[in-house]
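If you want the building blocks of each chain, they are given just below.
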Amino acid sequence: MRTQVVHLAVYDTLADWEAGHAIAHINQRQWQREPGRYSVSTVGLTLDPVTTSGGVRMIPDLVLADLDPEDSAMLILPGADTWIGGDALAPFAAKARTFLDAGVPVAAICGATYGLAGEGLLDDRDHTSNVAYFLAMTGYAGGGRYRDEPAVTDRDLITAGATNPVEFAREILGRLDVYTPEVLDAWYRLYARSDASAFEVLQTATAQ
């Protein structure tokens, strides 16, 4: 079995919590349908260190210019202050277009949805974000496709609001087929609702 790489975009002021559930459980073998099928690699504008919103210093594994959709299973774009008020992260939005054109999924949350709206990638897809007027500030043409939901998947694009990292992860894990539907449902009930009954399902999956 060939390990496929999921690419996590990293940049200054990255919101640490927004992709944490997703990348942790992509890498974690416990409960997985095919353990070891995926790994996570970070991609930055350069290989210079970046500092997250939480003050964590990270060194990217790969430069964005060298990232080819053919070498990736998904591009995950977390939110960051740097998505708003400038074009610093516009290359990531442009890369997202390249991914979607190639049929490779993209997942964006919080400020990253703002960047994708500005790129025109939300004009013809159902999507969500923090609130509708947040995206409206970009002047995009997709307001009619906005859905007031925690997370939305339309074709190869996943979007979510800042306060919904678990729902964001659920959509990512489902799109990548990391867990069986039963295990994914139990995973969500455990992490979103602290449903103790879900743990028995997960324990059974581990034993198989």
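Residues numbered from 1 in each chain as written. Predicted model: local features only at pLDDT ≥ 70, side-chain atom pairs only at ≥ 80, totals over all residues. Heavy atoms only, no water.

All right, on to the sheet that holds strand E6 (residues 74–77) then. Strand order in the open sheet formed by seven strands is E5-E2-E1-E6-E7-E9-E8, and the pairing between neighbours is mixed. Looking at strand neighbours, the two that pair on one side only are strand E5 (62–63) and strand E8 (151–154), the edges of this open sheet. Across four bridges, the pairing between E8 and strand E9 (residues 157–160) is antiparallel. Residue pairing in the sheet places Ala 151 in a bridge with Ala 160 of E9. Running at roughly 135° to strand E2 (residues 38–44), helix H1 (residues 20–27) makes contact with strand E1 (4–9), E2 and E6 of the sheet. Each of E1, E2, E6, strand E7 (106–109) and E9 touches helix H2 (residues 90–101); the most contacted strand, E6, lies at about 150° to it. (Pairing = 2+ DSSP bridges. Helix = DSSP H or I, 4+ residues; strand = E, 2+ residues; numbered from the N terminus. Contact = heavy atoms within 4.5 Å. Axes fitted to C-alpha atoms, helices over the stretch in contact; angles between N-to-C directions.)

Buried within H1 are the following residues: Ala 22, His 25 and Ile 26. Buried residues of H1, seen end-on, are gathered within an arc of 110° and therefore sit on one face of the element. For H1, the secondary structure elements touched by its buried residues are E1, E2, E6, helix H5 (165–175) and helix H6 (181–193). (Buried < 20%, exposed > 50% of the residue type's maximum accessible area, 1.4 Å probe, protein only. Arc of directions from axis to C-beta.)

Going through the model one piece at a time under the given rule, you end up with 12 salt bridges. Notably, a salt bridge pairs Arg 155 with Asp 154, separated by 3.3 Å at the nearest N-O pair. For Arg 155, a relative accessible area of 48% puts it in the partly exposed group. A residue is classified by how much of its surface remains accessible, and Asp 154, at 13% relative accessible area, is buried. In this structure, Arg 189 and Asp 195 form a salt bridge, with 2.9 Å as the shortest nitrogen-oxygen distance. Classification of Asp 195 as partly exposed rests on a relative accessible area of 24%. The network of salt bridges with shared partners includes Asp 126, Arg 145, Arg 147, Asp 154 and Arg 155. (Salt bridge = Lys/Arg side-chain N within 4 Å of Asp/Glu carboxyl O.)

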